[in-house]
Amino acid sequence: PSGSDGFWKLWTDTLDMSPIPSDAQFADLIIPTVDTARYTYLLDIAIRHKQEILFVGPTGTGKSVYIQQHLMRGLPQEDYLLNF
């Protein structure tokens, strides 16, 4: 992705490397990877431009989890109302 300064960034430079909270539930953890950064970026761009998007891939790779996490925590609440 292109940074706000107009230069390209590595996907690894966009990862959130915050420590995992000690009270975190295992089922709620999403470990940041290059793939999660890519998927989240593409999802965010599609949502902001009101474009439909379809994630495809093998079972158990986290597609639904990435989407749900971004919809629940990654969008400005003042701009988006979740209804599901």
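Nothing here was measured: the structure is a model prediction, and the numbers come from that model. (Residues numbered from 1 in each chain as written. Predicted model: local features only at pLDDT ≥ 70, side-chain atom pairs only at ≥ 80, totals over all residues. Heavy atoms only, no water.)

So, about the overall build of the chain. Of regular secondary structure, the chain possesses two helices and zero strands. If you line up the chain on its principal axes, its C-alpha atoms span 40 × 30 × 30 Å. Put simply, the chain has 84 residues, and 17% of those count as buried. The contacts in the chain between residues at least 6 apart in sequence include a share of 38% that link residues at least 24 apart. (Helix = DSSP H or I, 4+ residues; strand = E, 2+ residues; numbered from the N terminus. Buried < 20%, exposed > 50% of the residue type's maximum accessible area, 1.4 Å probe, protein only. Contact = heavy atoms within 4.5 Å.)

Turning to its location among the elements, Y66 is positioned in helix 2 (residues 63–73). Under the relative-accessibility criterion, Y66 is labelled buried at 16%. When the C-alpha atoms of Y66 and T40 are compared, they prove to be 6.9 Å apart, with 26 residues separating the residues in sequence. If we skip the residues at most four places from it in the chain, Y66 touches I30, T36, Y39, L43 and T61.

Mapped onto the elements, D44 comes out in helix 1 (residues 34–48). Judged by its relative accessible area of 16%, D44 is buried. Among the polar contacts listed, one links the side chain of D44 to the side chain of R48, at a separation of 2.9 Å. (Polar contact = N/O pair within 3.5 Å; in protein donor to acceptor, adjacent residues only side chain to side chain.)

Let us look at helix 1. An ideal rise of 1.5 Å per residue puts 21 Å on 15 residues; helix 1 measures up with 21 Å between its terminal C-alpha atoms. Buried residues of helix 1: T36, A37, L43, D44, A46 and I47, and no others. Residues of helix 1 that are buried make contact with helix 2. One or two residues past the end of helix 1 sits K50, with phi positive at roughly 55 degrees. (Expected span 1.5 Å × (residues − 1).)

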